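Chains, contacts and geometry: an overview
What follows is each chain in one-letter form.
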Amino acid sequence: MTFHDPKALDTTDHAAKLDRLATVAVRVGLGLQPGQELVMTAPLDALPLARAITEQAYRAGASVVTTLYTDELASLLRFTHAPDEAFDRAAGWLYDGMAAAYRNGAARLAIAGDDPSLLAGQDVDRVARANRARSKAYQPALELIAGFAINWTIVSAATPAWARAVFPGEPDAVAVPRLWDAIFAASRVDREDPVGAWATHNAELRRRTEELNGRRFAALRYTGPGTDLEIGLADEHEWHGGATTAGNGILCNANIPTEEVFTTPHRLRVSGTVSSTKPLSYQGTLIDEIRVRFEEGRIVEAAASKGQDVLAKVLDTDEGARRLGEVALVPHSSPISASGLLFYNTLYDENAASHIALGQAYSKCIRGGLSMGEDALVAHGCNRSLIHIDWMIGSAAIDIDGVLPDGRTEPVMRRGEWAR
Ligand code: ZN
Ligand code: ZN
């Protein structure tokens, strides 16, 4: 018996796919402009993709590409050895620098590929304090990102730690290539013409958002196992999906992949009970089987079978952390959902199911919101918070109805699929 060694061939093929992913990230994700600066964040294990993106960015005319690498083991060393007071600190100068770069016209690209359970087993209070300090320091930069003042995007890289979570029990040599295949497929880089495939996909998402914008629902009503929820939509809300024109005039796709259409709920008009349909991986902790009850937009009861203490801390981050900042619709048959995989990564899992997000709302989901002041946004029902955490509430067992201003209802989704 002989084994052929496909390694040489695979390596070339893999490099070609990385290159196509980098092209999609730069051309579709960022729409990077000649002369534009780029600030990139990447895990160390994503070095080959970060380099491929750097090359494509310079080919597209980037002036300076700066990549900030994160090392998860170094992050863990802080939890092992740093003094307790350290956990209320963050590298504010770094985040201020990022915000300054964005104000000066830089684009932002993040490569996601974190170990979903990196901080499992660490002191919950310290994790919460560290997250809070980081969120606070990051706030000025995040406002520019969430408000789409700049063009930005997130893509993923199959790191070994993440691949082990998605394919438990498989050796890295099997798990990592399988995760890459899933990423390449979901990012449409396995197609003949990835950039063209994205244009078609963006047009389809636009058609959906235009239809929903035409219907002007006052609320969405969800029914299914463990879920009986009404989400009031913000005044003058607008549905978005696919490509966005940022405040700097550049067309970008903020998430690669993306399958969702989404808008802003009204911060005071959510009521009822909702159960999560997938585990949520939040900053290294898994939170599973979430069940919460809303009254007048605010979470008044929250439970989870796993990670409940972390969930409780998250909800206490600030006043807006108990309210919704996003409602998003994704058909159950979306390609990511059809993969049958649980990714433990928001970028992927949120595009496999309809979801809601706790915390900060996107100003662009209010008509004219990008040029509105803080008070006007809040008056329209836009929620404000240091956090924005998506969690999945869609499945093949959920029906969603749109509630018109006069109280009549129309089916939006049946058994997890578009009703029309
Ligand atoms: Zn979303
Ligand atoms: Zn979100």
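Residues numbered from 1 in each chain as written. Chains lettered and ligands numbered in written order. Predicted model: local features only at pLDDT ≥ 70, side-chain atom pairs only at ≥ 80, totals over all residues. Heavy atoms only, no water.

Focus on the coordination of the zinc ion (ligand 1)
Using the following cut-off: Counted as donors are the N, O and S atoms within 2.8 Å of the metal, or 3.2 Å for Na, K and Ca, while water is not among the atoms, so some sites may look incomplete. A four-donor site is called tetrahedral if each angle lies between 85 and 135 degrees; a four-donor site is square planar, and a six-donor site octahedral, when trans pairs exceed 155 degrees and the remaining angles lie between 65 and 115; all other cases are labelled irregular.
The protein atoms donating to the zinc ion (ligand 1) are Glu260 (OE), Glu326 (OE), Glu350 (OE) and His355 (NE2), with metal-donor distances spanning 2.0 to 2.4 Å. One can describe the site at the zinc ion (ligand 1) as irregular: its 4 donor atoms subtend angles covering 75 to 148 degrees at the metal. Counting residues between consecutive donors of the zinc ion (ligand 1) along the chain gives the motif E-x65-E-x23-E-x4-H. Separating the zinc ion (ligand 1) from the zinc ion (ligand 2) is a gap of 3.4 Å, bridged by Glu326, which donates to each.

Some words on the nonpolar core
Here is the rule: What makes a nonpolar core is a set of buried Ala, Val, Leu, Ile, Met, Phe, Trp, Tyr and Cys residues whose side-chain atoms join them at distances within 4.5 Å. Summary of the burial criterion: residues with accessible area below 20% of their type's maximum are buried, those above 50% are exposed, and those between are partly exposed, where the area comes from a 1.4 Å probe applied to protein chains only. Note on definitions: a residue-residue contact is assigned when non-hydrogen atoms from the two residues lie within 4.5 Å.
Grouped together as the largest cluster of nonpolar side chains are 72 residues, with contacts concentrated most on Leu49, Ile53, Tyr102, Leu109, Ile111, Leu179 and Trp180. For Tyr102, the contacting residues outside a window of four places in its chain are Val39, Ala107, Arg108, Ala141, Leu144, Ile145 and Ile150. Ranked by size, the runner-up nonpolar core spans 40 residues in total, among them Ile287, Val292, Val310 and Leu324.

Quick notes on the coordination of the zinc ion (ligand 2)
Glu326 (OE), His388 (NE2), Asp390 (OD) and Asp390 (OD) make up the full set of protein donors to the zinc ion (ligand 2), lying at 2.0 to 2.6 Å. The site at the zinc ion (ligand 2) holds 4 donor atoms, and with the angles between them running 55 to 148 degrees, its shape is irregular. Between consecutive donors of the zinc ion (ligand 2), the numbers of intervening residues give the motif E-x61-H-x1-D. A relative accessible area of 2% means that Glu326 is categorised as buried.

Here we look at the domain arrangement of the protein chain
Here is the rule: Domain limits in this description derive from either an automatic procedure or a database domain assignment. What counts as a salt bridge is simple: a side-chain nitrogen of Lys or Arg found within 4 Å of a carboxyl oxygen of Asp or Glu. Counting from the N terminus, the helices are DSSP H or I runs at least four residues long and the strands are E runs at least two residues long.
Domains assigned within the protein chain are domain 1 (11–186) and domain 2 (216–238 + 259–418). Of the residues lining the interface, 31 residues belong to domain 1; the matching set on domain 2 comes to 22 residues. The interface formed by domain 1 and domain 2 includes 1 salt bridge. A salt bridge links Asp125 to Lys313; its shortest N-O distance comes to 3.7 Å. Counting only elements with at least two residues in the side of domain 1 that touches domain 2, the list comes to α5 (124–146), β4 (152–156), α6 (160–166) and α7 (172–186).

Quick word on the sheet that holds strand β14 (residues 291–295)
Hydrogen bonds along the backbone pair up the strands of a sheet, which may run parallel or antiparallel. Which entries qualify depends on this criterion: Pairs of strands are assigned from DSSP output, requiring at least two bridges between the strands.
Ordered in space as β15-β14-β11-β6-β5-β19-β20-β21, the 8 strands form an open sheet in which the pairing is antiparallel. Of all strands in the sheet, those with a lone pairing partner are β15 (298–303) and β21 (417–418), marking the two edges. As defined by bridge partners, strand β6 (residues 227–233) adjoins strand β11 (residues 265–275) across 5 bridges and the pair is classed as antiparallel. Looking at β11, one finds that Leu233 is bridged to Pro265.

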